[in-house]
Amino acid sequence: RPMTPEEAAKAAGKPEAKPDEAAPAEGKPEEAPLDIKLPEGFQKDDALMQSFLDVAKEGGIKQETAQKLFYMYVGETRKVAEAIETSFFERQSRINAEWAKQCREDPEFGGANFDAGSNHVIQAVRRFLPDAKEQAEFVEFFRLANLNNQPLLRRFIARVGAATSEAGPVQS
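As the structure is a computational prediction, the values presented were derived from the model and not from experiment.

1. Points about the layout of surface pockets
Leftover empty space is mapped by rolling, across the atoms, a probe with the size of a water molecule. The space that makes up the second largest pocket amounts to roughly 350 Å³. Lining the second largest pocket are 16 residues, and of these V121, V125, F138, V139 and N148 sit closest to its centre. Put simply, the parts of the chain that give the lining of the second largest pocket at least two residues each are α4 (114–128), α5 (132–144) and α6 (151–167). When residues of the lining of the second largest pocket are assigned to their parent elements, the largest contribution, six residues, is made by α5. Per-class residue counts for the lining of the second largest pocket are nine nonpolar, three polar and four charged.

Shown next as structure tokens:
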């Protein structure tokens, strides 16, 4: 059986070269590290970028190919993010439409009682948040959180408004 290069080196008294520590082939300059350009607005994840660079280096991927692969990854990532966002907003829209329907059909404050129920909500907000700025912030919070048509919450606030308008001023 012929000797392996490692066995020959050992027999000649030379230290054994390990594959990961092998010197670059003579006459070949060591390659420059990959320099991936990030698209505008892209948030860099240092750990993910380092993993990408490590895999690219291990695979012997050249700069131009690594850049193309990275842009392909970014493009696909953006598509996934957009699909998730669209799905979320479509779901929220369906839920909000269902809640609005439930509010309009609620036997206590919907149908013919909808305007009175809405007035009770307004009374509760004005009574417990007398500052106009706080009222606006409160209403904006419910709008942004898509809670302005949540039936249970609307029923609760309408009942608070109705109870306090009948009970007279709030005692501090």
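Back to the text.
2. Describing the packing of aromatic side chains
One pass over the full model with this rule turns up six aromatic pairs. Taking 5.2 Å as the distance between ring centres and 80° as the angle between the ring planes, the aromatic pair formed by F141 and F142 counts as edge-to-face. Given the relative accessible area of 48%, F141 is considered partly exposed. By relative accessible area, F142 is classed as buried at 12%.

3. Thoughts on the confidence of the model for the chain
Overall, the predicted model of the chain reaches an average pLDDT of 83, with 78% of residues at or above 70. Contacts for the low-pLDDT stretch residues 168–172, under 50 throughout, to residues beyond four places or in other chains number four contacts.

4. Remarks on the environment of F52
Here F52 is to be found in helix α2 (residues 46–58). Expressed as a C-alpha distance, the spacing of F52 and A66, which sit 14 residues apart in the sequence, is 8.8 Å. For F52, the contacting residues outside a window of four places in its chain are I36, A66, L69 and F70.

5. Here we look at the nonpolar core
In this structure, I36, M49, L53, A66, F70 and V74 together form the largest nonpolar core, which totals six residues. Elements supplying a minimum of two residues to this core: α2 and α3 (63–105). By residue number, the principal contributor to this core is α3, which donates three residues. Residues in contact with M49, not counting those within four places in the same chain, are I36, L38, K44 and F70.

6. With respect to the pattern of salt bridges
Counted according to the given criterion, the structure contains eight salt bridges. A salt bridge links E76 to K79, with the nearest nitrogen and oxygen atoms 3.2 Å apart. Pair noted here: E76 and K79 are both in helix α3, with a separation of three residues, about one helical turn. Its relative accessible area of 51% is what places K79 among the exposed residues. Its salt-bridge partner being K133, residue E137 comes within 3.4 Å of it at the nearest N-O pair. Placement of the pair is E137 and K133 together in helix α5, with a separation of four residues, close to one helical turn. A residue is classified by how much of its surface remains accessible, and K133, at 58% relative accessible area, is exposed.

7. Structural notes on the packing of α2 against α3
A pair of packed helices is characterised by two quantities: the angle between their axes and the separation of those axes. Between α2 and α3, whose axes approach to 11 Å, the crossing angle comes to 140°. Comparing their axes, α3 and α2 come out oblique. Here α2 and α3 pass one another in a crossing that is right-handed. Here L48, M49 and F52 of α2 come into contact with α3, specifically with A66, L69, F70 and Y73. Here the residues of the contact of α2 with α3 sort into seven nonpolar, no polar and no charged.

The rules behind each value
- Residues numbered from 1 in each chain as written.
- Predicted model: local features only at pLDDT ≥ 70, side-chain atom pairs only at ≥ 80, totals over all residues.
- Heavy atoms only, no water.
- 1 Å grid on protein atoms, 1.4 Å probe; cavity = no way out; pocket = protein on both sides within 12 Å on 5 of 7 lines; lining within 4 Å.
- Points joined across faces, edges and corners; volume = space filled by probe spheres on them.
- Helix = DSSP H or I, 4+ residues; strand = E, 2+ residues; numbered from the N terminus.
- Nonpolar A, V, L, I, M, F, W, Y, C, P; charged D, E, K, R; others polar.
- Phe/Tyr/Trp six-rings, centres within 6.5 Å; stacked < 30°, edge-to-face > 60°.
- Buried < 20%, exposed > 50% of the residue type's maximum accessible area, 1.4 Å probe, protein only.
- pLDDT = per-residue confidence, 0-100.
- Contact = heavy atoms within 4.5 Å.
- Core = buried A, V, L, I, M, F, W, Y, C linked by side-chain atoms within 4.5 Å.
- Salt bridge = Lys/Arg side-chain N within 4 Å of Asp/Glu carboxyl O.
- Axes fitted to C-alpha atoms, helices over the stretch in contact; angles between N-to-C directions.
- Parallel < 35°, antiparallel > 145°, perpendicular 65-115°, else oblique.
- Left-handed = near helix turned anticlockwise from the far one by under 90°.

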